[in-house]
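The primary structure of each chain is shown beneath.
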Amino acid sequence: MVECEECGTKLGILEGYRHPTMGKKHLLCSPCFDQVSESVEKWGEFVLSNSFNMGASKSNSQQDWENMLTSFNQIQNMFDNFWQKKKSV
């Protein structure tokens, strides 16, 4: 008899699902498999959202840089105005 890697319930001969990350020697019961699969999927989405998107078009990437540069220039102008007011007082 084999036990579920997550909850420890006993699995029958033909029962069990292969663990998505640990491989075929580690089996899971149905509820644990659903939970682990969802967790692995969320982790994959997190990794992709925090990495560079190689498929992004240059125009989209260029627009992002222009937006950041505009924001930076606005902040820089705010500080310049602040220091000019400080000096004149």
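This structure is a prediction, so every number in the text was calculated from the model and none was measured.

A. Region of the structure containing the packing of aromatic side chains. Per the stated rule, a full pass over the model turns up two aromatic pairs. When the centroid spacing of 5.0 Å and the interplanar angle of 20° are considered together, the rings of Y17 and F33 count as stacked. In this pair, Y17 is assigned in strand β3 (residues 17-19) and F33 in helix α1 (residues 30-49), connecting sequence segments 16 residues apart. Judged by centre distance (5.5 Å) and plane angle (35°), the rings of W43 and F46 are tilted. Separated by three residues within a single helix, W43 and F46 lie in helix α1, roughly one turn from each other.

B. Fine view of the pairing of strand β4 (residues 23-28). Here β3 pairs with β4 via three bridges, running antiparallel. Note that in β4 the partner of Y17 across the bridge is L28. Once β3 ends, the chain turns through three residues before running back antiparallel as β4.

C. Structural detail: the pattern of salt bridges. In this structure the tally under the stated criterion is two salt bridges. Two residues, K10 and E3, come together in a salt bridge whose shortest N-O distance is 3.6 Å. For E3, a relative accessible area of 42% translates into the label partly exposed. Residues K42 and E38 are paired through a salt bridge, measuring 3.4 Å at the closest nitrogen-oxygen approach. Of the two residues, K42 and E38 are both situated in helix α1; the distance of four residues between them amounts to about one turn of the helix.

D. Representation of a nonpolar patch on the surface in the model. Judged by side-chain polarity, I75, F79, F82 and W83 come together as a nonpolar surface patch covering roughly 440 Å² of accessible area. Tracing the backbone through its elements, the reader meets W83 in helix α2 (residues 58-88). Exposure remark for W83: the relative accessible area of 49% places this residue in the partly exposed category.

Calculation criteria
- Residues numbered from 1 in each chain as written.
- Predicted model: local features only at pLDDT ≥ 70, side-chain atom pairs only at ≥ 80, totals over all residues.
- Heavy atoms only, no water.
- Phe/Tyr/Trp six-rings, centres within 6.5 Å; stacked < 30°, edge-to-face > 60°.
- Helix = DSSP H or I, 4+ residues; strand = E, 2+ residues; numbered from the N terminus.
- Pairing = 2+ DSSP bridges.
- Salt bridge = Lys/Arg side-chain N within 4 Å of Asp/Glu carboxyl O.
- Buried < 20%, exposed > 50% of the residue type's maximum accessible area, 1.4 Å probe, protein only.
- Patch = residues over 30% accessible without salt bridge, like charges linked within 9 Å, V, L, I, M, F, W, Y side chains within 5 Å.
- Areas by Shrake-Rupley, 256 points an atom, 1.4 Å probe, with all protein chains shown as cover.

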